[in-house]
Every structure is written in C-alpha cells, then in structure tokens.
Amino acid sequence: MVEKIQQKPTKVNLRTPEVMNLVKAEVEKHYRSPLVDYLKTTGGYLSGGGLTVKLAKAFGFCYGVERAIDLAYATTKVFPSKRIFLLGEIIHNPEVNDQLTAMGIKRLQAVEGGYYLDGLTADDVVIIPAFGAEVETMRRIQQIGCQIVDTTCGDVMTVWKRVRQYRNEGATSIIHGKAWHEETKATASRAIGENGNGHYLVVYNLEETDYVCNYIRYGGNKEEFLEKFKGAVSPGFDPDVHLCHVGVANQTTMMRGETEEVQRRICKAIEDRYGKENLHKHFRFFDTICGATQERQDALLDMLDKEKLDLLIVVGGYNSSNTSHLAEIGESRLPTYFIKNAEKLISCHQIQHWDLHKGQEVITEGWLKNGEINVGITAGASCPNNLIEETIQRLFELRGIGVETLLANHIMGY
C-alpha cells in the first residue's frame, strides 16, 4: 500500500524574467536551427543536385518538451551550488539528455520498482521528467526532503485526472499504452491511488484489446489472463471482478486512431455483456490523446497524401513513443528510415537506422538512389531542430552540395 504524501515541496519560482532570458539564450544556442526556421517560412522545400527535401508542417519540439527543457536549464541557474539530479531522462532524446549531463545534471538510474535514490539528501534538487513519475517515487523523494522541479507535461496530468476519477467511481482503468514506458507506469500508479484500492490493466495493441473484450463477453481462464498480462495489471487484479466496470485512458503518445478503436471495441464488449441500457453503469472514456502528438501525426499523413515522395526520414530518439509511431505511419506507405541523428546517414549506399520490428539498429544498402529523388522529413516531439538541420545538411552533402551555397542560390532565386 502506498502511503499518503504528507510533505509538500517548497515552491520556488524558476521562471523569473532574468532567469528565462539566460535560459532562452542557452537553449537557442544548443537547439535552434536557422535553416529549419527559414524552411518553415518558405514552404518547407529545399532542392538541389536532383535532391528535394520536404519538411512536414508540424514536427520537432512540442510545448511540453520545450517547457521541460526550459525548467531543467533554469534549475542550473537558480541552484548553482546544489547537486541537481534527474529521474532518468528529461525527454526521450539522447542528445538533449547528454547536454544536460554536460551541464552537471546527474542522472538517477531506473531500478525495478522505481529509481535508485540512495545517497540523496534534503540539500539536493531532483528534476521530474516530462512524462512524470510514479506516486511511490514522488513520495520517497519528498520524504527525503529534496527540492523538486516538476516538469510533467500538462497533457499527462490530464490523463492522471481521468484515472483518478475512474478510481473514485470504482472503475478499473484500462490504459492503452506500453506497460514498460515511464509515462504509463506513472499513470498506472495514479489509477491504484494513495490507498492502493484502485486497479488498472494496460493493453498495448488491438490484439490484446480483443483478448480482453472476449474475456469481458464470455469469461475465460483467469490464470491464462494474468499470465498474458503479467507486469501490465495492478496488484490483486482479478479479471472476473475488475472488468465489470471500466474506464479507458491512454498513454498520450499513442496513435489516436488505435486508441479510439480500443475504446470502441471495449465499449461494444461491455454493451454486449450488460446491455446498451446499462452501458453508462459499466463504461467510461475521455479523449486524452496529446494534441502535439496528433498534430505531428496529421502533418505526416497530410504530407504523405499530397507529396510525391520516394522515401521518408524520421528523426528522433529510438525510445520515443511518439517518434516510433511516426515511423510506423511512414512504413505503411513508403520506404522509411528512423534515425537518431545525421551520423546515421553513412553514405549514399548505407544508412544505419532503427528497425521497429527487430528492436535494433540495422544497416540498409542502396537507400539513396541516383538521379531525381524526393525525401520527406519529420521528427518526434522530443527532437530538437538542430538535429533536423544536421540531417538536411548531410543529405545534400551526400550529393556533393553545401547547404550554405544552396540556400544562397535559393534566396537569390537562381
């Protein structure tokens, strides 16, 4: 049982004008891209040497990510003499996390059941990442007395509000997400609640959803169910009891269409079991998809529908859920290469990229053909613009063209 949190963190205003002016200058220095800014204002195209690059209309840092990074940078300005720790990663982008490490922010490593917090003292500062942290982890940090800088995204906290509401109504939270993902684990801990009396089930895809739906309709083998969802259910979960009254929520970075289908299928199963007239007694749901995630997915689909592209490059961290879904969308339509930075564009003949199905980097040969070719580029919500610029520069470099010369000609109208 999780004890109720008694101690509240000290309130410190990190976002004073003086601090934020310093932060803005440093963040722009590290992550801003004049090239990307220019392309945003000129239609997103750049052509030369038979290569045309087209940027999606929405890509890269979202507001929640920008806010998290700003707060992390501000922490180093406001607490220059204190030890500063970060729970794991601020966002799922290795370059950004490495930059914070270079600034002196130490990383607290994940262990089974939370994070390794031994050695923390009341004089230390702990930064909570954009995807939040589990209730028990927060309780332990507050008991130690650390100064907490909470960068949790507002969209994530909206989901927490929903699962708390489900719990208060006696409903089990069925969470569409990845049971191993930090955000989903944080959400699941809110579904259980401070008194440990709530329940949750995490479903990853439609195959798992259909299994749950069949159990709701017809019952089944309880032991088999619990084995299938091992690590994805609350302690003491009983499918015969806890699937009678459910509410659907989601990890904010899942694909909207799939989450909506999860909701539809579970709703229909509940209706089949209890009757349409009793649906309101047994089923709840709210739209909790992140707006930025959806905007980037919609922009990619729009580009794929309207542009004649030969291939797509998706830039971002390999453990980024929203970036992975962009790669999934691309894969369904055309050759797609998911890279974390420009170094992965080895040559015109070789590209090293993340294979979503194998869960590892692979090398593909002959990816950038000779002659006229159109390349689409998008990036996840945790990818900074400088990495996108470096990718564009590398693409043209592989064709023997300098982006500076190309831009000069482009601006002059040559």
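Worth saying up front: this structure is predicted, and the values here are computed from it rather than measured.

The rules behind the values
- Residues numbered from 1 in each chain as written.
- Predicted model: local features only at pLDDT ≥ 70, side-chain atom pairs only at ≥ 80, totals over all residues.
- Heavy atoms only, no water.
- Helix = DSSP H or I, 4+ residues; strand = E, 2+ residues; numbered from the N terminus.
- Buried < 20%, exposed > 50% of the residue type's maximum accessible area, 1.4 Å probe, protein only.
- Contact = heavy atoms within 4.5 Å.
- Polar contact = N/O pair within 3.5 Å; in protein donor to acceptor, adjacent residues only side chain to side chain.
- Pairing = 2+ DSSP bridges.
- Right-handed = clockwise from strand over helix to strand, strands pointing away.
- Axes fitted to C-alpha atoms, helices over the stretch in contact; angles between N-to-C directions.
- Parallel < 35°, antiparallel > 145°, perpendicular 65-115°, else oblique.
- Left-handed = near helix turned anticlockwise from the far one by under 90°.
- Nonpolar A, V, L, I, M, F, W, Y, C, P; charged D, E, K, R; others polar.
- Phe/Tyr/Trp six-rings, centres within 6.5 Å; stacked < 30°, edge-to-face > 60°.
- Domains from an automatic or database assignment.
- Salt bridge = Lys/Arg side-chain N within 4 Å of Asp/Glu carboxyl O.
- Expected span 1.5 Å × (residues − 1).
- Arc of directions from axis to C-beta.

S.K.: Just checking my understanding: could you explain the overall build of the protein chain for this structure?
M.R.: What the protein chain contains, in helices and strands, is 16 helices and 17 strands. Along the three orthogonal principal directions, the C-alpha set of the protein chain runs to about 70 × 55 × 35 Å. Of all 414 residues assigned to the protein chain, the portion counted as buried reaches 55%. The long-range share in the protein chain, meaning contacts at least 24 apart out of those at least 6 apart in sequence, stands at 71%.

S.K.: Looking at this structure, how should I read the side chain of Thr151?
M.R.: Along the polypeptide, Thr151 turns up in the loop between β8 (147-150) and α6 (154-168). Here Ile128 takes part through its backbone oxygen, which lies 2.6 Å from a polar atom of the side chain of Thr151. Residue contacts for Thr151: discarding those within four places in its chain leaves Arg67, Ala68, Leu71, Ile90, Ile127, Ile128, Pro129 and Ala130.

S.K.: What's the story with the pairing of β8 in this structure? I'm lost.
M.R.: Two faces make up the sheet, and in a regular strand the side chains alternate between them. In the sheet, strand β7 (residues 125-128) pairs with β8 via four bridges, with the strands oriented parallel. Its bridge partner being in β8, Ile127 is matched across the sheet by Val149. Each parallel crossover has a hand, and for β7 linked through helix α5 (residues 135-144) to β8 it is right-handed.

S.K.: Help me out: how do you make sense of the side chain of His92 in this one?
M.R.: Within the secondary structure, His92 is located in the loop between β3 (84-87) and α4 (94-102). Excluding anything up to four places from it in sequence, His92 contacts Phe131, His181, Glu182, Gly317, Asn319, Ser320 and Ser382.

S.K.: So what exactly am I meant to see when it comes to the packing of α6 against helix α7 (residues 182-192) here?
M.R.: Two packed helices can be described by the angle between their axes and the distance between those axes. Closest axis-to-axis distance for the α6/α7 pair is 8 Å, and the angle between their directions is 30°. Taken as axis vectors, α6 and α7 run roughly parallel relative to one another. When you trace α6 past α7, the crossing you get is right-handed. Here α6 contributes Val156, Val159, Trp160, Val163, Arg164 and Arg167 to the contact with α7, which in turn contributes Glu183, Ala186, Thr187, Arg190, Ala191 and Ile192. Classifying every residue of the contact of α6 with α7 by side-chain character gives seven nonpolar, one polar and four charged.

S.K.: Could you clarify how one ought to interpret the sheet that holds strand β11 (residues 246-250) in this entry?
M.R.: By way of backbone hydrogen bonds, the strands of a sheet pair with one another, either parallel or antiparallel. Reading across the sheet, the four strands line up as β10-β9-β11-β12 and stay open at both edges, with parallel pairing between neighbours. Single-partner strands in this sheet number two, and they are β10 (200-203) and β12 (283-285). Adjacent strand axes in the sheet meet at a mean angle of 25° when their direction is disregarded.

S.K.: How should I be thinking about the packing of aromatic side chains in this particular structure?
M.R.: The geometry of an aromatic ring pair is captured by the separation of the ring centres together with the interplanar angle, meaning the angle of the planes. Here the structure, examined in full by the defined rule, presents 12 aromatic pairs. With centroids separated by 5.4 Å and ring planes inclined at 55°, the aromatic side chains of Trp180 and Tyr204 adopt a geometry described as tilted. Taken together, the residues Trp180 in the loop between β9 (172-176) and α7 and Tyr204 in the loop between β10 and α8 (206-218) connect sequence positions 24 residues apart. Take Trp180: its relative accessible area is 58%, and that puts it in the exposed class.

S.K.: Would you mind showing me how to read the domain arrangement of the protein chain here?
M.R.: When the parts of a complex come together, some accessible area is lost, and that lost area is often taken as the interface size. On domain assignment, one finds that the protein chain holds domain 1 (32-62 + 292-412), domain 2 (64-152) and domain 3 (155-289). In this complex, domain 2 contributes 10 residues to the contact, which on the side of domain 3 involves 10 residues. Counting the contacts that link domain 2 with domain 3 gives zero salt bridges. For the pair domain 2 and domain 3, the number of links is three residue pairs in polar contact (both at pLDDT 80 or more). Here the residues of the side of domain 2 that touches domain 3 sort into six nonpolar, three polar and one charged.

S.K.: Whenever I open this one, α6 confuses me. Can you help?
M.R.: Each α-helix winds once per 3.6 residues, and so residues spaced three or four apart point in a common direction. Helix length check: α6, at 15 residues, gives a terminal C-alpha distance of 21 Å against a target of 21 Å (1.5 Å per residue), a fit within 8%. If you check which residues of α6 are buried, you get Val156, Val159, Trp160, Val163 and Tyr166. Along the axis of α6, the buried positions cluster into a sector of 120°, meaning they face one direction only. Facing away from the buried side of α6, by more than 90 degrees, are the exposed residues Lys161 and Asn168. Here the buried face of α6 lies against β9, α7, β11 and β12. Looking at the residues trailing α6, positive phi occurs at Gly170, about 80°.

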